[in-house]
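Residue-level structural notes
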Amino acid sequence: MSNRPAPAAIPPRIRRSQAISLALLLVCGVINYLDRATLAVANEYIRADLGLSLGEMGVLLSAFSWSYAICQLPVGVLVDKVGPRWLLGAGLVLWSLAQAAGGLASTFGWFLVVRIALGIGEAPQFPAAARVVSNWFPARSRGTPTGVFNSASPLGVALAPLCLPPLIAATSWHWAFFVTGALGIVAAIVWIAVYRDPVRAQLTAEERAYLEVDDAAPAAPAAGFAAWRALFRYRATWGMMLGFFGSVYLNWVFLTWLPGYLRTERHMDLAQAGIAASIPFLCGFAGALVAGWASDRVARMTVSKVAGRRNAVVVATLGMVAFTIPAALAESNVVAVACISIVIFLANASSACAWSLATVVAPPSSVGSLGALQNFGGFLGGALAPVLTGYIAQTWSFVPALLTGAGMAFLGAMSYLFLVVRPIPEPAGQVK
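Residues numbered from 1 in each chain as written. Predicted model: local features only at pLDDT ≥ 70, side-chain atom pairs only at ≥ 80, totals over all residues. Heavy atoms only, no water.

Rule in force here: UniProt positions are given in the numbering used here, feature names are shortened, and annotations may be inferred rather than shown by experiment.
Per an unreviewed UniProt entry, the protein chain carries the name MFS transporter and comes from Pseudoduganella umbonata. Heading Subcellular location (unreviewed entry) of the UniProt record for the protein chain holds this comment: "Cell membrane".

1. Some words on the domain arrangement of the protein chain
In plain terms, the rule: Note that the domain bounds reflect an automated or database-derived domain assignment. The contact rule is simple, with two residues in contact once any of their heavy atoms fall within 4.5 Å. Joining two parts hides part of their accessible area as seen by a 1.4 Å probe, and the buried area is that hidden amount summed over both. Any Lys or Arg side-chain nitrogen located within 4 Å of an Asp or Glu carboxyl oxygen qualifies as a salt bridge. We call two N or O atoms a polar contact when they sit within 3.5 Å, provided that within protein one can donate a hydrogen and the other can accept it, with sequence-adjacent residues counted only if both atoms are side-chain atoms. Elements are defined by DSSP. Helices are runs of H or I of four residues or more, strands are runs of E of two residues or more, and each kind is numbered from the N terminus. Charged residues are taken to be Asp, Glu, Lys and Arg, nonpolar residues to be Ala, Val, Leu, Ile, Met, Phe, Trp, Tyr, Cys and Pro, and polar residues to be all remaining types, Gly included.
Here the protein chain is described as being made up of domain 1 (12-130 + 152-212) and domain 2 (226-423). For domain 1 and domain 2, the distance between their C-alpha centres works out to 20 Å. Counting from both sides, the interface comprises 26 residues of domain 1 and, opposite them, 26 residues of domain 2. A buried area of about 2200 Å², summed over both sides, lies between domain 1 and domain 2, and 74% of it is on carbon and sulfur atoms. The largest contributions to the domain 1 side of the interface with domain 2 come from Leu73, Asp80 and Pro154, which together make up 24% of the buried area. For the pair domain 1 and domain 2, the number of links is zero salt bridges. In this structure, the connection of domain 1 to domain 2 is made through six residue pairs in polar contact (both at pLDDT 80 or more). For the side of domain 1 that touches domain 2, the elements supplying multiple residues, two or more each, are helix H1 (12-41), helix H3 (54-82), helix H6 (125-136) and helix H8 (152-170). Here the residues of the side of domain 1 that touches domain 2 sort into 18 nonpolar, five polar and three charged.

2. As for helix H17 (residues 398-419)
Count 3.6 residues to each turn of an α-helix, and residues three or four apart come out pointing the same way. Rule in force here: In this scheme, a helix's expected span is set at 1.5 Å multiplied by one less than its residue total. The rule is simple: take the accessible area with a 1.4 Å probe, protein chains only, and divide by the maximum for that residue type; under 20% is buried, over 50% is exposed, in between is partly exposed.
When the terminal C-alpha atoms of H17 are compared, their 32 Å separation across 22 residues agrees well with the 32 Å that a helix rising 1.5 Å per residue should span. Those residues of H17 lying buried are Phe398, Ala401, Leu402, Gly405, Ala406, Ala409, Gly412, Ala413, Ser415 and Tyr416. For H17, the secondary structure elements touched by its buried residues are helix H12 (235-264), helix H14 (305-329), helix H15 (333-361) and helix H16 (367-395). N-capping of H17 is provided by Ser397, with a side-chain oxygen placed 3.2 Å from the backbone N of Val399.

Structure below.
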């Protein structure tokens with residue numbers, strides 16, 4: 001049992017800022033994933049209108065992930081230096097303009113450019129969210145808010161096939177991009193106008209004591225690129241990058257291929273596949289929320305705040321592996337969808353726990369940097385997953401493709417377990 005003191009009451013002004021910040025992050029995150037999913041939802045209409053091949057559409061679907069992953073490298077440092085308010089606000093504007101420009105696309109090349117721009121613009125969303133949680137919540141209480149902002153991912157994916165098809169049917173696929181782009185511009189204005197980072201000099205003694213209750217020292221100044229490079233000296237950094245690669249790889253197998261898998265391998269019709277594809281991501285929404293709350297409970301009962309959150313990631317990721325195997329091998333469609341729903345539930349639980357883990361492993365000045373590096377590793381997996389899954393499914397079937405994803409996730413769980421063992425000190429030193 002931990003010998004930590006009981007959590008202090010949340011000062012009223014802090015509580016209000018926490019609620020506002022999480023509400024804004026949830027809305028921005030849902031828009032983020034609606035924008036990512038628009039191309040997939042409008043896939044058939046766009047291919048027919050622009051005369052694109054399946055191969056060209058595959059390139060468009062993966063273009064976002066590559067630019068998004070690469071931009072995680074600098075964006076973490078920028079979040080720590082510039083702050084979430086302005087960097088996320090600028091990202092919202094850029095990605096929303098890119099999203100709206102997709103509605104004007106008339107060629108493959110134009111679409112490729114706007115999808116790359118979309119990935120660049122969306123890159124600050126989750127590192128900024130991790131920094132917001134680090135700024136406004138003490139270490140022992142970061143799991144629940146991390147679960148809240150992570151729940152936007154499956155919620156946006158679940159809402160896309162429910163909200164966008166009626167809009168496309170009533171107008172055209174172009175308007176799906178225009179409307180979602182306009183939503184992002186509105187969100188950018190609200191975010192910049194409303195959100196503020198805590199300023200230590202303006203906090204009362206009670207408010208500072210609440211935010212710093214788990215810290216050995218006051219928060220350090222924001223890290224620069226030298227501190228960012230120093231993070232690579234630590235096994236924990238590599239463990240988090242490799243670990244997130246594995247879990248995100250398996251998650252993106254289903255995120256990008258689930259409708260096609262249900263129709264091709266499971267022989268469902270369009271209506272059945274649409275309903276069956278939404279159920280797992282609604283479960284994922286619940287998974288992110290439950291995991292955030294549970295990881296806080298575990299963290300409060302363990303002496304090591306790193307071990308508690310790391311173990312939650314490992315258990316959730318191994319659960320993904322365990323339920324992917326029957327999902328691939330079961331003859332019953334009901335059993336397969338049920339298992340996939342559990343996998344997506346656990347995938348979002350794993351993601352929420354991984355982001356909360358970043359807030360306690362990182363030095364106080366480098367939370368955004370370490371979170372972004374972990375996300376970089378994850379989205380390398382996310383970029384590889386649709387390409388490799390398609391190749392394996394085309395050459396053999398979806399069964400070995402899903403089992404490959406399970407293997408990647410297993411290796412990721414082992415990376416977390418054996419490499420992420422203690423927090424990175426401030427300032428960063430030699431390998432520990």
